[in-house]
Amino acid sequence: MNIEYKFLEKAINDKNFISFFYENKKHTNIKASKLENYSLTTNKGVFDFNKMKKIKILKERFNV
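Cut-offs used in this document
- Numbers given to residues run from 1 along each chain, matching the order in which its sequence is written.
- Residue-level local features of this predicted model are given only where pLDDT is at least 70; pairs of side-chain atoms are given and counted only at 80 or more, and the full residue set underlies all totals for whole chains, interfaces and linings.
- Here the side-chain values reflect all heavy atoms present in the structure, with hydrogen atoms and water set aside.
- Secondary structure elements are taken from DSSP: a helix is a run of H or I of four residues or more, a strand is a run of E of two residues or more, and numbering for both begins at the N terminus.
- What a helix is expected to span follows from its residue count: subtract one and scale by 1.5 Å.
- Remark: exposure states derive from per-residue accessible area (1.4 Å probe, protein chains only) relative to the maximum for the residue type, with buried under 20%, exposed over 50%, and partly exposed in between.
- Directions drawn from the helix axis to the C-beta atoms are what define this arc.
- Two residues form a contact once any of their heavy atoms are found within 4.5 Å.

Colleague: Tell me what's going on with helix 1 (residues 3-14), and back it up with residues and numbers.
Modeller: Over its twelve residues, helix 1 extends 17 Å from the first C-alpha to the last, a length consistent with the 16 Å expected when each residue adds 1.5 Å. Turning to helix 1, its buried residues are Tyr5, Leu8, Ala11 and Ile12. All buried residues of helix 1 project into a common sector of 120° when viewed along the axis, lining one side. Facing away from the buried surface of helix 1 by more than 90 degrees, the exposed residues are Ile3 and Asn13. Of the surrounding secondary structure, the elements contacted by the buried residues of helix 1 are strand 1 (16-22), strand 2 (25-36), strand 3 (39-42) and strand 5 (52-61). Lys15 lies just past helix 1 and shows a positive phi near 60°.

Colleague: Lay out the side chain of His27 in plain terms, naming residues and giving numbers.
Modeller: Inspection of the secondary structure puts His27 in strand 2. For His27, a relative accessible area of 14% corresponds to the buried category. The residues touching His27, leaving out its near neighbours within four places in the chain, are Ile18, Ser19, Phe20, Tyr22 and Phe47.

Structure representation (structure tokens):
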């Protein structure tokens, strides 16, 4: 398990927005809800963690 995976787990627990590049497309202000088996479930769909690049944890938080 790498450090980005750990930070992403913390962002999910803290309910922070995230942004990242996935297959050369930028995704911003994403609400991540679940991360298991290197698969990230969000409000915009399901993403493979291994294909994600430049993951940023944003300071803004969302309410459920």
